[in-house]
Amino acid sequence: MSNLSSQAQSLLEILIGEIEQERFSADRPEGFLGYGEVIEMMDLPEGAITGGTHGETLQRNGLDELGPWIKGHPRNLPAITGLIVSKETSTPGAGFFKLYNKKNDDYQWWLGEVARCLEFDWSLLESTPTKLPQGEPSRSMDTLERSLIEKVGYKNGFENVL
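Notes on the structure in this doc start here. (Residues numbered from 1 in each chain as written. Predicted model: local features only at pLDDT ≥ 70, side-chain atom pairs only at ≥ 80, totals over all residues. Heavy atoms only, no water.)

Per the secondary structure count, the protein includes six helices and two strands. Residue pairs in contact within the protein that sit at least 24 positions apart in sequence constitute 60% of those at least 6 positions apart. Element-wise, carbon and sulfur atoms account for 49% of the exposed surface of the protein, whose accessible area totals about 10100 Å². (Helix = DSSP H or I, 4+ residues; strand = E, 2+ residues; numbered from the N terminus. Contact = heavy atoms within 4.5 Å. Areas by Shrake-Rupley, 256 points an atom, 1.4 Å probe, with all protein chains shown as cover.)

What follows is the structure, given as structure tokens:
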């Protein structure tokens, strides 16, 4: 979580904490977190809550950063930001569906992601850095690794990398 801003990290921690407390049920979206509720839980500084809707405030304070980070994560994380909904509709905003290239009414996909969120072992994020620490170069494949891959004939789209 090291490359997330403090606001996005706080938002992720809130969502994971609520999952761990078993707050959610995939078949009860009315029990999901509302935008305003999350803002209160984040305890944002007064200057951070300026004009617009609760959803717009949350977008400016971590949601617009967290969504793409989750989507692009190498562990194929479930769409955890779908646990935040409009209390009027009990559904996420259009931006959530747009991020994942889904129609605004693709509720089957959304609730499938919710189910994945509830089953996912979020503790894996703590042991998986999202970027290399400063000063540590990335490592290329060594000769032994390359020969082992060639020996077993690994062909899963990586054959052009060798």
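Next comes the rest of the write-up.
This part takes up the environment of Leu 111. Mapped onto the elements, Leu 111 comes out in helix α5 (residues 107–119). Leu 111 sits 20 residues away from Thr 91 along the chain, and the two C-alpha atoms are 9.9 Å apart. Beyond its immediate chain neighbours, meaning those up to four positions away, Leu 111 contacts Ala 26, Pro 29 and Phe 32.

Because each turn of an α-helix spans 3.6 residues, side chains separated by three or four positions end up pointing in the same direction. Turning to helix α2 (residues 35–42), its buried residues are Tyr 35, Gly 36, Val 38, Ile 39 and Met 42. The arc enclosing the buried residues of α2, seen along the axis, measures out at 160°, which places them on a common side. Elements in contact with the buried residues of α2: α1 (6–20), β1 (33–34), α3 (54–72) and β2 (84–85). Phi turns positive, to about 50°, at Asp 43, one or two residues after α2. (Buried < 20%, exposed > 50% of the residue type's maximum accessible area, 1.4 Å probe, protein only. Arc of directions from axis to C-beta.)

Bringing unusual backbone geometry into the picture now. Residues other than glycine seldom take positive phi values, yet Ser 90 does so here, at roughly 60°. In this structure, Ser 90 sits in the loop between β2 and α4 (94–99). The phi torsion at Asn 101 lies on the positive side, around 55°, for a residue other than glycine. Mapped onto the secondary structure, Asn 101 falls in the loop between α4 and α5.

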